[in-house]
Amino acid sequence: MHKRRRQDLSHFFGLTVLLFAIWILLSGKFEMKFILVGLAASLVISFVCLPFLMIRNAKTGKEFFIFKMNYFKLIPYCIWVLKEIFKSSIDVAREILKLHVDYEPRIIYFSMPYENPMADIVLANSIILTPGTITIDVMEGGIFEVHAINKKAADDMLSGNMPRRVAALFGETCQFRPMPEAEVRDIPKEV
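Note that the structure is a prediction, hence the values are computed from the model and not measured.

**Q** Any chance you could break down the overall build of the protein for me, citing the residues and the numbers?
**A** Each helix and strand counted, the protein has six helices and six strands in total. Along the protein, from the amino end to the carboxyl end, the secondary structure elements read α-α-β-β-α-β-α-β-β-α-α-β. For the protein, the C-alpha radius of gyration of 21 Å lies well beyond 16 Å, the compact-globule estimate for 191 residues. When each of the 191 residues of the protein is scored for burial, the buried share is 36%. For the protein, contacts bridging at least 24 residues in sequence account for 69% of all contacts bridging at least 6. Separation between the mean location of the 23 positive side-chain charges and that of the 20 negative ones in the protein comes to 10 Å.

This is the structure:
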C-alpha cells in the first residue's frame, strides 16, 4: 500500500509539473500572480484528472498510469512508425496502380499479451496508422485481429517488429506469437 501511494504521488507531481510547464510556455508571463494562478490551476487539474488517467488491466486488476512509458524510446519509436507509414504508403500506392488487380487481402492473427492496456492501444493505433493494415479487434489474451491488404503487409505484421517495439516502449516482457493457422484468405475482393 505504501508503494502504491508513492506511485500515485509521483504521478500527481509529474502531471502537475507538466501542466505548469505548459501553462508557463503558453502564457509567457512571469509575474508572480500568473505563476501562482498557473501553479494552483495545475494542482487542481492534476488532482481532479489523475483518477481518469489510470487504466486497469481487466485480467489482473493492476492499474497503470496512461503516460507511464519510456520517453527515451518514444521519439525513436515515433520516427520508426513515420518511416513505416511512408514505406507502406508507397507499397499501397504501388498495389493500387498495378494494371492487373491481384491483391490478396487477408485477416491475420497474432498474440502479444501485454500487461499494460496502453500498450494494446498504442499497438492497435500504430497498425491502423500504417497504410495497408487495419486493426479489427484486440481480443482477450492479447490476440490481435488485423486486416492486411496483401501478403507483404501481412508478412511485415507477422514479423513481430512493431509489437516488440511497443513492448520495449512500455517495458513489457511478453512474447510475440504469430498465429498463421487462424489466417483468413477467402475475403471477397468486390463489395
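**Q** Talk me through the nonpolar core; I want residue IDs and the actual numbers.
**A** With 34 residues, the main nonpolar core has Phe110, Tyr114 and Phe144 as its most contacted residues. Going through the elements one at a time, helix H1 (2-27), helix H3 (71-97), strand E3 (106-111), helix H4 (117-129), strand E5 (143-148), helix H5 (151-158) and helix H6 (161-170) are the ones with two or more residues in this core. Broken down by element, the residue count for this core peaks at six residues, all from H4. Those residues within four positions of tyrosine 114 in sequence are excluded, and the remaining contacts are Asn57, Ala119, Asp120, Leu123, Phe144, Pro163, Val166, Ala167, Glu172 and Cys174.

**Q** Got a sec to walk through the packing of aromatic side chains? Specific residues and values, please.
**A** Summed over the entire model, instances satisfying the criterion amount to five aromatic pairs. Ring geometry for phenylalanine 110 versus phenylalanine 176: centroids 5.3 Å apart, planes at 40 degrees, classification tilted. One end of the pair, phenylalanine 110, is in strand E3; the other, phenylalanine 176, is in the loop between H6 and strand E6 (177-178), with 66 residues separating them in the sequence. This pair shows no difference in class: phenylalanine 110 is buried, exactly as phenylalanine 176 is. A connected cluster of aromatic rings, assembled from ring pairs, spans Phe110, Phe144 and Phe176.

**Q** Before we move on, can you summarise the packing of H4 against H6 with the specific residues and values?
**A** Two numbers describe how H4 lies on H6: the axes approach to 10 Å, and their chain directions differ by 145 degrees. Here H4 and H6 pass one another in a crossing that is right-handed. Here Met118, Ala119, Val122, Leu123, Ser126 and Ile127 of H4 come into contact with H6, specifically with Met162, Pro163, Val166, Leu169 and Phe170. Of the residues assigned to the contact of H4 with H6, the class counts are 10 nonpolar, one polar and no charged.

**Q** A description of helix H2 (residues 32-49) should follow, citing residues and the corresponding values.
**A** If you check H2, its first and last C-alpha atoms are 25 Å apart, about what 18 residues at 1.5 Å a residue would give, namely 26 Å. Buried within H2 we find Gly38, Ser42 and Ser46. All buried residues of H2 fall inside an arc of 60 degrees around its axis, so they share one side. Away from the buried face of H2 by more than 90 degrees, exposed residues Met32, Lys33, Val44 and Phe47 are located.

**Q** Just give me the short version of the packing of H3 against H6, but keep the residues and values in it.
**A** One way to put it is that H3 packs onto H6 with a least axis distance of 10 Å and a crossing angle of 160 degrees. By the criterion of interaxial angle, the relationship of H3 to H6 is roughly antiparallel. Classified by chirality, the crossing of H6 by H3 is left-handed. Between H3 and H6, the contacting residues are Lys73, Leu74, Tyr77 and Trp80 on the first element and Asn161, Met162, Arg165, Val166, Ala168 and Leu169 on the second.

**Q** A description of the pattern of salt bridges should follow, citing residues and the corresponding values.
**A** Where charged atoms of side chains with opposite charge meet at close range, the side chains can pair. Applying the stated criterion to the full structure yields 10 salt bridges. Here glutamate 63 makes a salt bridge to arginine 56, at a shortest N to O gap of 3.0 Å. Residue classification places glutamate 63 among the partly exposed residues on the basis of a relative accessible area of 25%. The shortest N-O distance in the salt bridge between glutamate 84 and lysine 87 comes to 3.3 Å. Of this pair, glutamate 84 and lysine 87 both sit in helix H3, three residues apart, which is roughly one turn of that helix. A residue is classified by how much of its surface remains accessible, and lysine 87, at 41% relative accessible area, is partly exposed. Residues joined in a network through salt bridges with shared partners are Asp91, Arg94, Lys152 and Asp156.

Cut-off values and rules
- Residues numbered from 1 in each chain as written.
- Predicted model: local features only at pLDDT ≥ 70, side-chain atom pairs only at ≥ 80, totals over all residues.
- Heavy atoms only, no water.
- Helix = DSSP H or I, 4+ residues; strand = E, 2+ residues; numbered from the N terminus.
- Rg over C-alpha atoms; globule rule 2.2 N^0.38 Å.
- Buried < 20%, exposed > 50% of the residue type's maximum accessible area, 1.4 Å probe, protein only.
- Contact = heavy atoms within 4.5 Å.
- Lys, Arg positive; Asp, Glu negative; His and termini not counted.
- Charge placed at Lys NZ, Arg CZ, Asp CG, Glu CD.
- Core = buried A, V, L, I, M, F, W, Y, C linked by side-chain atoms within 4.5 Å.
- Phe/Tyr/Trp six-rings, centres within 6.5 Å; stacked < 30°, edge-to-face > 60°.
- Axes fitted to C-alpha atoms, helices over the stretch in contact; angles between N-to-C directions.
- Left-handed = near helix turned anticlockwise from the far one by under 90°.
- Nonpolar A, V, L, I, M, F, W, Y, C, P; charged D, E, K, R; others polar.
- Expected span 1.5 Å × (residues − 1).
- Arc of directions from axis to C-beta.
- Parallel < 35°, antiparallel > 145°, perpendicular 65-115°, else oblique.
- Salt bridge = Lys/Arg side-chain N within 4 Å of Asp/Glu carboxyl O.

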